[in-house]
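Notes for the structure review
Listed below are the residues making up each chain.
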Amino acid sequence: MDTRPYVFDKRWFMLDFARMRRLHRGEMTDLLDILQRSGYNGLGLYVEGAFEQPGTRGLPRPGCLSQDDVDFIKEACQSRGLFLFPLTNTVYHMEHFLTQERYAYLRDTGPHERYQLRFDHPDAKAFLMARLHELAAMFGTDFLHIGGDEAILPPERLPEYAAFIGDLCRTLLNEGITPAVWGDMFYGKPALAPHLPRETVIFDWYYGGHRPDSLRFFREQGFADVIPCPCDDGWTHFINRQQSNQDDPHPVAPDEIEAFLADGAEAGCTGGLMTHWEDINGHNLWANLVPVVRAGLYMSGRWDPSLPEEAQVEPILFGRVTPYTEITHILRGTVTTPSRFPWHWPSHAVWHAELALRMLVSPESTFVTRFEDYERGADAADALLDAWQPANDVEDRAKRAMRAVVAAVRASREMIRLAGSRGLWRQAAEEQFCGRQYDPCGIFGENLEQMLLRIDSARTAHRDAADAFLAGIEGTGISDIPVLIQKRLLAMLDELYDRVSAFLTDPGLRDVAIPAWYELVTGWLPTTGGLVT
């Protein structure tokens, strides 16, 4: 029996450039060095439409990839033995194009019109092929990932969609370009799979641990090249983790990034892609490198489960052992969101007013139970960060990224504390006219004063999180968009502070009963003129 570790021929990493990035050459060089040391031999650059397009004037957004940028990355990859290829999208996730008014005629109808292409439009194929040709020429590649995932369609339109994607793939193949697609729209749909030419490379993404069934499905459908694609999941939590679905028969540990790759090895897949997604929720690549290194070691047959994780990961990252991996474990164990909670609220609500509002109006028990966990995890991580003396720029960047994570945890902790103020507000309402006489002192006044302190603490923690985020992205190509978005959240907290304070200071509200918690938080308040927003 052969007991040697399974080694993938294609050991690739995907960096999400599309949403939040511009190229920072020093950061890219450092990342490529880490990938090379980890055992990777390929880099997929997910750009969607964030690249300069010679056939059209005007950029989709600031910081798009230029030809000079791609040439720099390509040369840097070649010198390290890394195959470079681009990833884009062709039906859904088309916002770089469809948010431009000149392409409004190509938008699908409905709530997702700014993201989804009307692929039955007579001009849709020509438009997409022009963009695909531009991208292939820019990268000088004959391998092109055209996306095709997560299209939002009624069941009766799925065959039409599959035929459209299949037609794009056949056209590329006839031009000497090997196409690749994400597998989610075709998995478990044997009637759709025949639309794809079998030379199409299937990137089978799954971020919940094990799923051998999908890999077997595509292999049985005749696709020779099927690539399992796990994710560090750092974009849905404060920090990276693996998390099984509740009905998963193969549970995984929070650090078991290789679960889906192991399924690929069992299925005889010759390649794997470790994905790292970024978005506008403040998550930083440099705080999520432990699973990136671990996946590279696994795919190259160098991961040893009998050795401590830090003993294998840290030397590759920094050339020595630092607190980085231990901090990752602490945060995974104390502040990542259990699957029974809305998956994105605590970490994303640090930046988004709408999600923070949903936290505040959720049942008290939903998040309040996590307050002590967040406090304990943040304190333990900060203690290690205080003791860490970076020896080089890579360590310094990683430490600042972790500081930003901890600051976001503390901001979320204060929002959880504020969400727990519902009981104070209810008690104040019960005491407001105790004995039918308004009493601004006693429990009523004390509770409202305590609420004002909590709101102020939340404002301070969120501003600290913004400062830490900006410090964390220094020396990277990551955008400051989360901080700009957070201004709406801070304005919401300012307004909430004023609403609570008014019941202590505004004589016009002395004889008005304080409203229900939902009305307070959402802005429906009684005034002498009636209810206003």
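Everything below is about the structure printed above this text.
What this report covers is the structure whose coordinates are included nearby. As the structure is a computational prediction, the values presented were derived from the model and not from experiment.

Across its full length, the chain holds 19 helices and 10 strands. For 533 residues, the compact-globule estimate of 2.2 N^0.38 gives 24 Å, and the chain sits close to it at 26 Å. Counting only C-alpha atoms and orienting by the principal axes, one finds that the chain spans roughly 85 × 55 × 45 Å. Every one of the 533 residues in the chain was classed for burial, and the buried ones make up 59%. In the chain, 75% of the contacts between residues at least 6 apart in sequence involve partners at least 24 apart. Surface summary for the chain: the accessible area is close to 21300 Å², and the carbon and sulfur share equals 52%.

The next point concerns the pairing of strand S7 (residues 226–229). For a regular strand, side chains alternate in direction, first toward one face of the sheet and then toward the other. Along S7, one buried face is formed by Val-226 and Pro-228 and the opposite face, lined by Ile-227 and Cys-229, is buried too. Strand direction decides the pairing type here: strand S6 (residues 201–205) and S7, joined by four bridges, are parallel. Paired with Phe-203 across the two strands is Ile-227, which belongs to S7. Read from S6 through helix H6 (residues 212–220) to S7, the crossover connection turns out right-handed.

What follows covers helix H14 (residues 371–387). For H14, which comprises 17 residues, the first-to-last C-alpha distance of 25 Å matches the rise-based estimate of 24 Å (1.5 Å per residue) to within 8%. Looking at H14, one finds that the buried residues are Phe-371, Tyr-374, Gly-377, Ala-378, Ala-381, Asp-382, Leu-384 and Leu-385. The buried residues of H14 all sit within an arc of 165° when viewed along its axis, so they share a single face. Every exposed residue of H14 that faces more than 90 degrees away from the buried side is listed here: Glu-372, Asp-386 and Ala-387.

This part covers the pattern of salt bridges. Applying the stated rule across the entire model yields 35 salt bridges. As a salt-bridge pair, Glu-395 and Arg-320 come within 2.7 Å of each other at their nearest N and O atoms. Highlighted residues: Glu-395 in helix H15 (residues 393–419) and Arg-320 in the loop between helix H9 (309–318) and helix H10 (324–335), separated in sequence by 75 residues. A residue is classified by how much of its surface remains accessible, and Glu-395, at 0% relative accessible area, is buried.

Counting buried positions over the six residues of strand S8 (residues 271–276) gives six, a clear majority of the element. By the bridge criterion, six bridges tie strand S1 (residues 10–16) to S8 in an arrangement that is parallel. Considered in S8, the bridge of Met-14 is made with Thr-275.

Applying the stated criterion across every chain yields a total of 33 aromatic pairs. Residues Trp-12 and Phe-85 carry aromatic rings whose centres are separated by 4.7 Å and whose planes lie at 50° to one another, so their mutual orientation is tilted. On the criterion of sequence distance, the pair formed by Trp-12 in strand S1 and Phe-85 in strand S3 (residues 83–87) is long-range, its members being 73 residues apart. With respect to class, Trp-12 is no different from Phe-85; both count as buried. Between Trp-182 and Trp-277, the ring centres sit 6.1 Å apart and the planes meet at 50°, which makes this aromatic pair tilted. Highlighted residues: Trp-182 in strand S5 (residues 178–182) and Trp-277 in the loop between S8 and helix H8 (290–299), separated in sequence by 95 residues. Its relative accessible area of 10% is what places Trp-277 among the buried residues. Here a set of aromatic residues connected by ring pairs shows up, and it is made of Trp-12, Tyr-46, Phe-83, Phe-85, Phe-143, Trp-182, Phe-203 and Trp-277. Above the ring of Trp-286, the side-chain terminus of Arg-397 is found at 4.6 Å from the ring centroid.

Right, let's talk about helix H2 (residues 67–79) for a bit. Since there are 3.6 residues in each turn of an α-helix, residues three or four apart along the chain are aligned in direction. Taking 1.5 Å of rise per residue, the 13 residues of H2 would be expected to cover 18 Å, and the 18 Å separating its terminal C-alpha atoms lies within 8% of that figure. Looking at the buried positions of H2, the neighbouring elements they touch are helix H1 (25–38), strand S2 (42–46), S3 and helix H4 (124–139).

Looking at the secondary structure, you find His-96 in helix H3 (residues 95–98). On the basis of relative accessibility, which here comes to 9%, the residue His-96 falls in the buried class. For His-96, the side chain forms a polar contact with the main-chain oxygen of Ala-18, separated by 3.1 Å. When residues no more than four places from it in sequence are discounted, the contact partners of His-96 are Ala-18, Val-47, Glu-48, Gly-49, Ala-50, Pro-60 and Arg-61.

Along the polypeptide, Met-14 turns up in strand S1. For Met-14, a relative accessible area of 0% translates into the label buried. A sequence separation of 174 residues divides Met-14 from Gly-188, and the C-alpha atoms of the two residues are 25 Å apart.

So, about the side chain of His-276. Considering the arrangement of structural elements, one finds His-276 in strand S8. By relative accessible area, His-276 is classed as buried at 2%. Reaching out from His-276, the side chain makes a polar contact with the side chain of Glu-278 at a distance of 3.0 Å. In this structure, His-276 is in contact with Phe-13, Met-14, Leu-15, Asp-16, Asp-232, Leu-285 and Asn-288, ignoring residues within four places of it in sequence.

Turning our eyes to something else, we now look at the nonpolar core. Counting residues in hydrophobic clusters, the biggest one holds 157 residues, and the most contacted among them are Phe-13, Leu-43 and Ile-165. Per-element tally for this core: the top contributor is H15, with 15 residues. Excluding anything up to four places from it in sequence, Ile-165 contacts Thr-90, Val-91, Ile-146, Gly-148, Val-181, Phe-186 and Leu-196. Among the nonpolar cores identified, the runner-up in size contains 17 residues, and Phe-143, Ala-180, Val-201 and Leu-273 belong to it.

What follows deals with the packing of H6 against helix H7 (residues 259–267). Between H6 and H7, the shortest axis-to-axis distance is 9 Å and the interhelical angle comes to 35°. As for how H6 packs across H7, the hand of that crossing is right-handed. Together, Pro-212, Ser-214, Leu-215 and Arg-219 of H6 and Phe-260, Asp-263, Gly-264 and Ala-267 of H7 make up the contact between the two elements. Across the contact of H6 with H7, the residue classes tally to four nonpolar, two polar and two charged.

Procedures and definitions
Residues numbered from 1 in each chain as written. Predicted model: local features only at pLDDT ≥ 70, side-chain atom pairs only at ≥ 80, totals over all residues. Heavy atoms only, no water. Helix = DSSP H or I, 4+ residues; strand = E, 2+ residues; numbered from the N terminus. Rg over C-alpha atoms; globule rule 2.2 N^0.38 Å. Buried < 20%, exposed > 50% of the residue type's maximum accessible area, 1.4 Å probe, protein only. Contact = heavy atoms within 4.5 Å. Areas by Shrake-Rupley, 256 points an atom, 1.4 Å probe, with all protein chains shown as cover. Pairing = 2+ DSSP bridges. Right-handed = clockwise from strand over helix to strand, strands pointing away. Expected span 1.5 Å × (residues − 1). Arc of directions from axis to C-beta. Salt bridge = Lys/Arg side-chain N within 4 Å of Asp/Glu carboxyl O. Phe/Tyr/Trp six-rings, centres within 6.5 Å; stacked < 30°, edge-to-face > 60°. Lys NZ or Arg CZ within 6 Å of the ring centre and 35° of its normal. Polar contact = N/O pair within 3.5 Å; in protein donor to acceptor, adjacent residues only side chain to side chain. Core = buried A, V, L, I, M, F, W, Y, C linked by side-chain atoms within 4.5 Å. Axes fitted to C-alpha atoms, helices over the stretch in contact; angles between N-to-C directions. Left-handed = near helix turned anticlockwise from the far one by under 90°. Nonpolar A, V, L, I, M, F, W, Y, C, P; charged D, E, K, R; others polar.

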